[in-house]
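Here is how the chains run, residue by residue.
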Amino acid sequence: MDSLISGGAYLSVGESKGPVKVVVSNRCGDGPESIKELIPLDSVPRIQGYIADTEPCANVQSSIVVDSLLGTLYEWTLPANWLGNSSTHRLDYVPGYESGTVDLKLSNACGYGDTTLIPIAVQKRPGEVQILTSRDKPCAMSEQEFYVNPVEEHAYIWETIDDWVISGADDQDTVLVAVGAESSFLFVNVSNKCGTRQSNK
């Protein structure tokens, strides 16, 4: 300890952790001893990595978690039109409809560490798809193949009505249909992690 001051003390911090003890006294005697352990910092803060869904759905709450470091201030910066705020190692946020980068700046008593850039690719509910086929006017009571252009990490479910019937699997990007005697509609439900949209032909 360097010196005593009224109500406090100046300390020379060593390299290892250790306790600081204080006893408050007056003319009636000493009060109880208070002890606080101090852990010195020897460098600016750095994280090893982060845990996050880097492909969250637009307008749906997500989170990013990094290392919890003693004595560290966390400064998060979000892209425009995103919602969220935090001063801890965990950020809960709601992304907008456009992809962007979350910036994290760390600091402690030794100064600022490197800024971590976390790229976020925002996902959206599937859009309308076009149902394709070799003949737009299929022959009645025949079989015809219909398909959509597949998109990675999307699922497909086909549906028919009236006397049209699906022949075989109904959960691929291509479907074989037994055409009925009358005109009808063919439906495909396209799903991803953010929702489902139905298209028809």
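Reading the values: the criteria
- Residues numbered from 1 in each chain as written.
- Predicted model: local features only at pLDDT ≥ 70, side-chain atom pairs only at ≥ 80, totals over all residues.
- Heavy atoms only, no water.
- Helix = DSSP H or I, 4+ residues; strand = E, 2+ residues; numbered from the N terminus.
- Buried < 20%, exposed > 50% of the residue type's maximum accessible area, 1.4 Å probe, protein only.
- Contact = heavy atoms within 4.5 Å.
- Areas by Shrake-Rupley, 256 points an atom, 1.4 Å probe, with all protein chains shown as cover.
- Disulfide = S-S within 2.5 Å.
- Phe/Tyr/Trp six-rings, centres within 6.5 Å; stacked < 30°, edge-to-face > 60°.
- Lys NZ or Arg CZ within 6 Å of the ring centre and 35° of its normal.
- Pairing = 2+ DSSP bridges.
- Core = buried A, V, L, I, M, F, W, Y, C linked by side-chain atoms within 4.5 Å.

Draft legend 1. Local environment of the overall build of the protein chain. Scanning the protein chain for helices and strands turns up 0 helices and 19 strands. Across the 201 residues that make up the protein chain, the buried fraction comes to 27%. Within the protein chain, contacts between residues at least 6 apart in sequence are counted, and of these 51% link residues at least 24 apart. Surface summary for the protein chain: the accessible area is close to 13,200 Å², and the carbon and sulfur share equals 49%.

Draft legend 2. Representation of the state of the cysteines. Applying the stated criterion across every chain, the model contains 1 disulfide. Residue C57 pairs covalently with C194 via a disulfide, S to S 2.1 Å. For the disulfide bridge between C57 and C194, the dihedral angle about the S-S bond is near -95°, and by the sign convention the bridge is left-handed. Of this pair, C57 sits in the loop between β5 (50-52) and β6 (62-66) while C194 sits in the loop between β18 (186-192) and β19 (195-200), and the two are 137 residues apart along the sequence.

Draft legend 3. The packing of aromatic side chains, seen in detail. For the structure shown, the criterion picks out 2 aromatic pairs. An angle of 5° between the planes, with centres 5.7 Å apart, marks the rings of W82 and Y93 as stacked. Placement of W82 in the loop between β7 (73-77) and β8 (83-84) and of Y93 in strand β9 (residues 90-94) is noted, with a sequence separation of 11 residues between them. With a relative accessible area of 8%, W82 lands in the buried category. Look at Y93 and you get buried, because its relative accessible area is 1%. With 6.3 Å between their ring centres and 35° between their planes, F185 and F187 make a pair best called tilted. Directly above the aromatic system of Y112 lies the positively charged group of K105, at a separation of 5.5 Å from the ring centroid.

Draft legend 4. Geometry of the sheet that holds strand β14 (residues 143-147). An order of β13-β14-β17-β16 is seen for the 4 strands of this open sheet, with the pairing classed as antiparallel. Bordering the open sheet on either side are β13 (132-133) and β16 (165-167), each of which pairs with just one other strand. Here β14 runs beside strand β17 (residues 174-178); their pairing, made up of 5 bridges, is antiparallel. Opposite E143, over in β17, you have A178 as the bridge partner.

Draft legend 5. Inspection of the pairing of β6 at higher detail. The alternating pattern of β6 places S62, I64 and V66 on a buried face, while none of S63 and V65, on the opposite face, is buried. Taken together, the 3 bridges between β5 and β6 define a ladder with antiparallel strand orientation. Pairing of A52 across the sheet is with I64, part of β6. Sheet analysis places β6 next to β9, joined by 4 bridges and oriented antiparallel. What sits directly across from I64, in β9, is L91.

Draft legend 6. Just the sheet that holds β5, in detail. Ordered by their spatial adjacency, 4 strands build an open sheet running β5-β6-β9-β8, and the pairing between neighbours is antiparallel. On the outer flanks of this sheet lie β5 and β8, each paired with one strand and no other. As paired elements, β8 and β9 share 2 bridges and run antiparallel to each other. By the bridge assignment for β9, G84 is matched with Y93.

Draft legend 7. Molecular detail of unusual backbone geometry. A positive phi angle is found at N81, which is not glycine, with a value near 75°. Counting through the fold element by element, N81 comes out in the loop between β7 and β8. The class for N81 is exposed, based on a relative accessible area of 74%.

Draft legend 8. Highlighting the nonpolar core. Grouped together as the largest cluster of nonpolar side chains are 16 residues, with contacts concentrated most on I64, W76, V102 and I120. Only β6, β7, β9, β10 (100-108) and β12 (116-120) provide two or more residues apiece to this core. Filtering out sequence-adjacent residues up to four positions away, I64 remains in contact with Y50, I51, A52, W76, H89, R90, L91, Y93, V102, I118 and I120. Listed in part, the 13 residues of the second largest apolar core include Y156, I166, V177 and L186.

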